[in-house]
Amino acid sequence: MPIIAPSLLSADFLQLASACKMLNESNADWFHLDVMDGRFVPNISFGPMIVEFIRKATTKVCDVHLMIEEPEKYAEQFKNAGADILTVHIEACKHLHRNIQQIKSLGMKAGVAINPHTPVSLLENILQDIDLVCLMSVNPGFGGQKFIPQTIDKIKTLRQMCVDKNLQTHIEIDGGVTLENASTIIAAGADVLVAGNTVFKSSNPIETIAKLKEV
Ligand code: DX5
Ligand code: ZN
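Residues numbered from 1 in each chain as written. Chains lettered and ligands numbered in written order. Predicted model: local features only at pLDDT ≥ 70, side-chain atom pairs only at ≥ 80, totals over all residues. Heavy atoms only, no water.

Chemist: Even after reading the chapter, I still don't get the pairing of strand E6 (residues 132-136), so can you show me in this structure?
Modeler: The side chains of a regular strand alternate, first on one face of the sheet and then on the other. Of all 5 residues in E6, 5 are buried; the element is thus mostly enclosed. On E6, burial covers both faces: Leu132, Cys134 and Met136 on one face and Val133 and Leu135 on the other are all buried. Sheet topology note: the strand E5 (residues 109-114)/E6 ladder contains 4 bridges and is parallel. Residue pairing for E6: Gly111 is matched across the bridge by Leu132. As paired elements, E6 and strand E7 (residues 170-174) share 5 bridges and run parallel to each other. In the sheet register, Leu132 faces E7, and the bridge partner there is His170. Between E6 and its parallel partner E7, the chain crosses via helix H5 (residues 151-164), and the hand of that crossover is right-handed. (Buried < 20%, exposed > 50% of the residue type's maximum accessible area, 1.4 Å probe, protein only. Helix = DSSP H or I, 4+ residues; strand = E, 2+ residues; numbered from the N terminus. Pairing = 2+ DSSP bridges. Right-handed = clockwise from strand over helix to strand, strands pointing away.)

Chemist: For this particular structure, what's the right way to read the pairing of strand E3 (residues 61-67)?
Modeler: For E3, the tally of buried residues reaches 6 of 7 residues, placing the bulk of the element in the interior. This β-α-β element, strand E2 (residues 30-36) to helix H2 (residues 48-56) to E3, shows right-handed connectivity. Bridge count for E3 against strand E4 (residues 85-89) is 3 bridges, and the pairing is parallel. By the bridge assignment for E4, Val64 is matched with Leu86.

Chemist: Can you walk me through the packing of aromatic side chains in this structure?
Modeler: For any pair of aromatic rings, geometry is given as the distance between the ring centres together with the angle between the planes. Per the counting criterion, the structure on display carries 1 aromatic pair. Consider the rings of Phe13 and Phe46, whose centres lie 5.7 Å apart with planes at 40 degrees: the pair is tilted. Remark: Phe46 occurs in the loop between E2 and H2 and Phe13 occurs in the loop between strand E1 (3-6) and helix H1 (16-25); sequence separation between them is 33 residues. You can call Phe46 buried: its relative accessible area is 8%. (Phe/Tyr/Trp six-rings, centres within 6.5 Å; stacked < 30°, edge-to-face > 60°.)

In structure tokens, the structure reads:
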């Protein structure tokens, strides 16, 4: 069964407590938290302070997706805020290996996210050091966008790379995941589904999460 990681970016921020309560009572496995700086991506969301509040509202895994420049400046703050997994963008890291070592030495799991235009082959020499690859299936910055179909081939290639290296790395798909495309995504080799709009704009989020889990 896939790991389901609803993105709180699509939640009503005035009702964050009830969104957390709903996720706690649902089959969701992880809380996906999207941090945007207005530089790496053309949008600003929230920082460590909000992560800290959410951390207090759940015992589930806090999967923090940093869409920010110079993530090394903030890794410790996100650790202190309670992040379990910290994912940085390959496009934002000049010294990715160093950034990964920093995240792991702080005691978090390390993820690398790649934009739609970035080939998975660039992960060849970092794959053995990381716990998760986040394949962006939309251009990062906003919820509610359409899934980019080329992502399916990237998932297959990446899964094969993991098999060849005998690695159990999580392959997380982020952006435009729906009840319609989830099974194709999983069949291609992904094991973590991020879902923002599909969950939070649904009339019955708990049931939608359960359906994603059954994929
Ligand atoms: C996009 C974020 C995603 C986004 C997913 O920049 O990284 O996590 O919130 O939202 P949906 O599922 O609505 O595409
Ligand atoms: Zn995300």
